[in-house]
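Next come the chains, spelled out residue by residue.
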Amino acid sequence: MALIHKFKQDEDYYVIDVNTGSLHLVDELVYDLLDEDKLRKEEDIINELSSKYKEEDIKEALGDIKELIGEGLLYSLDLYENIAQNDRSKSYVKAVCLNIIHDCNLRCKYCFADEGEYKGKRKIMSVEVGKKAIDYVIEKSGPRKNIEIDLFGGEPLMAFKNIKEIVDYGREQEKIHNKNIRFTMTTNATLLDEEKMEYLDKNMGNIVLSIDGRKSVNDKVRIRVDGSGSYDAILPKIKEMVKRRDKSKQYYVRGTFTRENTDFFQDVLALANEEFDEISIEPVVLPDGHELSLREEDLETIYGEYDKLYHEMLKRHKDGNPFKFYHFNIDLQGGPCVYKRISGCGAGHEYVAITPDGEVYPCHQFVGNKDFLLDNIYNENFNNDLSSDFRKAHIYNKPKCKECWARFYCSGGCQANNFNFNGDMNIPYEIGCKMQKKRIECAIALKAKLMEN
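Read on for an overview of the structure. (Residues numbered from 1 in each chain as written. Predicted model: local features only at pLDDT ≥ 70, side-chain atom pairs only at ≥ 80, totals over all residues. Heavy atoms only, no water.)

## Looking at the state of the cysteines
(1) Moving on: Inspection of the entire model under this criterion finds zero disulfides.
(2) Moving on: Cysteine C363 shares no disulfide, and the gap to the nearest cysteine sulfur, in C414, comes to 5.9 Å.
(3) Moving on: Unpaired in terms of disulfides, C401 finds its nearest cysteine sulfur in C410, a separation of 5.7 Å. (Disulfide = S-S within 2.5 Å.)

What follows is the structure, given as structure tokens:
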């Protein structure tokens, strides 16, 4: 099991204590002395490294290392496994993906949702179902005060009239039940107009606006029903929507990179140059063999793009015009609570997706797969065994994750990706893991540099 992780970013050497998250910026000597699973015997280290370093320097560095070990900042023990394995506390729903519509006015070539149909038929969630879903979530939230509801699709703005009635109902019910509902929305921005922008700005705690970076990239994959591109129509609308958001209101522009644009740094740059300061360009997840899927041979190129992004973000911060990249957001001074670091997003027990028919699934990526049907908001016959399987799918029940240095950063990866690629939630999606670890290293190095400056 990895107890520390060491990596190099440019000319800097970093060491992370896996279990505490302690970060150390070290010199090359200390870097060479450390192995990931243990500190070797002094005589063995001297025999190996005496041709490169003076013996007295090695001994002095080892003394410093042993002090850090004594303080619990290197090679610390994992104190959380027994807690995770013996946790019998009850789960309550804290977030829901409300699939407000199974339909879309775009035909994105990489869409996981079957172009909005989710392996079913095109359908809009009725106001009745929407209200019942609100009631369901409030009931399942138990003592939790805060609930997040993401209005999702397909393209949710195709159901704008229904959304307004459902949100109004949510506002009524949160007062009655002493809850705080935070509504969010993911939209392709094609249908934004003055009325909708005003409404979203007022009512959505966060807005995710989809655009795939450069025009040439976007218009190759984010296409309309007639095959035409969407870039020229959506860019001005997205810019206007962002312009309305003040600092207290969240947004980010989100794109996807595929095998067609493994040079995705250029897409991040294109969005940053449009003065967006909250950006995400995420790797596509598609079955092996799909023309747009990412493959093992693409990884070195992808790693290089993350390195370019690291340099650009560091430069822009120094120049006074920074932007945030979603996958580089990391907190070196605490980060998520231990529970979240162990269990991840909570799909299937703290987070669920509800369809226009009122079916309940562990998350939006499982929608349509009847093997993962958790419940129905009308029947309320909750599948506790399935929910328990999701709750148990934490890092300590994933053998590869249990041995991995990045386990407290990625929390075992996406359950849907793990299952879709391996038929088992407890076996990580390998290419996704490798990209994630590179992002984590870049994120840690960037944050350390910014704190240093």
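There's plenty left to go through after this.
## Looking at the sheet that holds strand β13 (residues 351-354)
(1) Moving on: The strand order β12-β11-β10-β9-β8-β7-β4-β13-β14-β15 describes an open sheet built from 10 strands, whose pairing is mixed. The open sheet has two free edges, formed respectively by β12 (324-325) and β15 (375-376), since each of these has just one partner strand.
(2) Moving on: Sheet topology note: the β13/strand β14 (residues 359-361) ladder contains two bridges and is antiparallel. Bridged to A353 within β14 is Y361. (Pairing = 2+ DSSP bridges. Helix = DSSP H or I, 4+ residues; strand = E, 2+ residues; numbered from the N terminus.)

## Considerations on the packing of aromatic side chains
(1) Moving on: For the structure on display, the rule yields 16 aromatic pairs.
(2) Moving on: Linked through ring pairs, F257, F264, Y306, F325 and F328 together constitute an aromatic cluster.
(3) Moving on: K6 extends its terminal NZ or CZ atom over the ring of Y31, reaching a point 4.7 Å from the ring centre. (Phe/Tyr/Trp six-rings, centres within 6.5 Å; stacked < 30°, edge-to-face > 60°. Lys NZ or Arg CZ within 6 Å of the ring centre and 35° of its normal.)

## Things to note about the packing of helix α5 (residues 127-140) against helix α6 (residues 160-176)
(1) Moving on: Across the interface, α5 lies against α6 with an axial gap of 9 Å and an inter-helix angle of 30°. In terms of orientation, α5 lies roughly parallel with respect to α6. Pair α5 / α6 crosses with right-handed handedness. Note on element contacts: α6 touches α5 through N162, E165, I166, Y169, G170 and Q173, opposite V127, G130, K131, I134, D135 and I138.
(2) Moving on: Here the residues of the contact of α5 with α6 sort into five nonpolar, four polar and three charged. (Axes fitted to C-alpha atoms, helices over the stretch in contact; angles between N-to-C directions. Parallel < 35°, antiparallel > 145°, perpendicular 65-115°, else oblique. Left-handed = near helix turned anticlockwise from the far one by under 90°. Contact = heavy atoms within 4.5 Å. Nonpolar A, V, L, I, M, F, W, Y, C, P; charged D, E, K, R; others polar.)

## Some points on the side chain of N418
(1) Moving on: Here N418 is to be found in helix α16 (residues 415-422).
(2) Moving on: One polar contact links the side chain of N418 to the main-chain carbonyl oxygen of G412, over a distance of 3.2 Å.
(3) Moving on: Among the polar contacts made by the side chain of N418, one reaches the main-chain amide nitrogen of Y429 at a distance of 2.9 Å.
(4) Moving on: If sequence neighbours within four positions are ignored, N418 has contacts with K398, G412, G413, G423, D424, M425, I427, P428 and Y429. (Polar contact = N/O pair within 3.5 Å; in protein donor to acceptor, adjacent residues only side chain to side chain.)

## Concerning the pattern of salt bridges
(1) Moving on: Counted under the stated rule, the structure contains 42 salt bridges.
(2) Moving on: K52 is paired through a salt bridge with E28; the nearest N and O atoms lie 3.0 Å apart. Note that K52 is positioned in the loop between α2 (42-49) and α3 (55-70) and E28 in helix α1 (residues 28-33), a separation of 24 residues in sequence.
(3) Moving on: Accessibility expressed as a relative area gives 46% for K52, which makes it partly exposed.
(4) Moving on: In this structure E28 comes out as partly exposed when scored by relative accessible area, which is 34%. (Salt bridge = Lys/Arg side-chain N within 4 Å of Asp/Glu carboxyl O. Buried < 20%, exposed > 50% of the residue type's maximum accessible area, 1.4 Å probe, protein only.)

## What to know about a negative patch on the surface
(1) Moving on: Together, E56, D57, E60, D64, E67 and E71 make up a region of like negative charge exposed at the surface.
(2) Moving on: Relative to the helices and strands, E71 resides in the loop between α3 and α4 (81-85). (Patch = residues over 30% accessible without salt bridge, like charges linked within 9 Å, V, L, I, M, F, W, Y side chains within 5 Å. Areas by Shrake-Rupley, 256 points an atom, 1.4 Å probe, with all protein chains shown as cover. Lys, Arg positive; Asp, Glu negative; His and termini not counted. Charge placed at Lys NZ, Arg CZ, Asp CG, Glu CD.)

## A closer look at the side chain of E282
(1) Moving on: Structurally, the position occupied by E282 is in strand β11 (residues 278-283).
(2) Moving on: Setting aside anything within four residues of it in sequence, one finds E282 in contact with R254, G255, T256, F257, Y326 and H327.

## As for the sheet that holds strand β2 (residues 12-17)
(1) Moving on: Reading across from one edge, β1-β2-β3 is the order of the three strands in this open sheet, with antiparallel pairing throughout. The open sheet terminates on both sides in strands that have one partner only, identified here as β1 (4-9) and β3 (23-26). In this sheet, adjacent strand axes meet at a mean angle of 25° when their direction is disregarded.
(2) Moving on: Pairing of β1 with β2 involves six bridges; the strand directions are antiparallel. If you follow H5 over to β2, its bridge partner there is I16.
(3) Moving on: Its contacts with the sheet put helix α17 (residues 430-452) on β1, β2 and β3, and the angle it makes with β1 is roughly 75°.

## Details of the pairing of strand β7 (residues 146-152)
(1) Moving on: The element β7 is largely enclosed, with a buried count of five among its seven residues.
(2) Moving on: Relative to β7, strand β4 (residues 95-99) runs parallel, the two being bridged by five bridges. Counterpart to C97 in the pairing with β7 is D150.
(3) Moving on: As defined by bridge partners, β7 adjoins strand β8 (residues 180-187) across six bridges and the pair is classed as parallel. Counterpart to I149 in the pairing with β8 is F183.
(4) Moving on: Crossover handedness for the path β7 to α6 to β8: right-handed. (Right-handed = clockwise from strand over helix to strand, strands pointing away.)

## Quick word on the pairing of β13
(1) Moving on: Covered by surrounding structure in β13 are Y351 and A353 together with V352 and I354, the residues of both alternating faces.
(2) Moving on: Looking at chain direction, β4 and β13 are connected through four bridges and run parallel. Within β13, the residue paired with L98 across the bridge is I354.
(3) Moving on: The turn joining β13 and β14, which pair antiparallel and follow one another in sequence, is formed by four residues; a positive phi near 90° is taken by G358.

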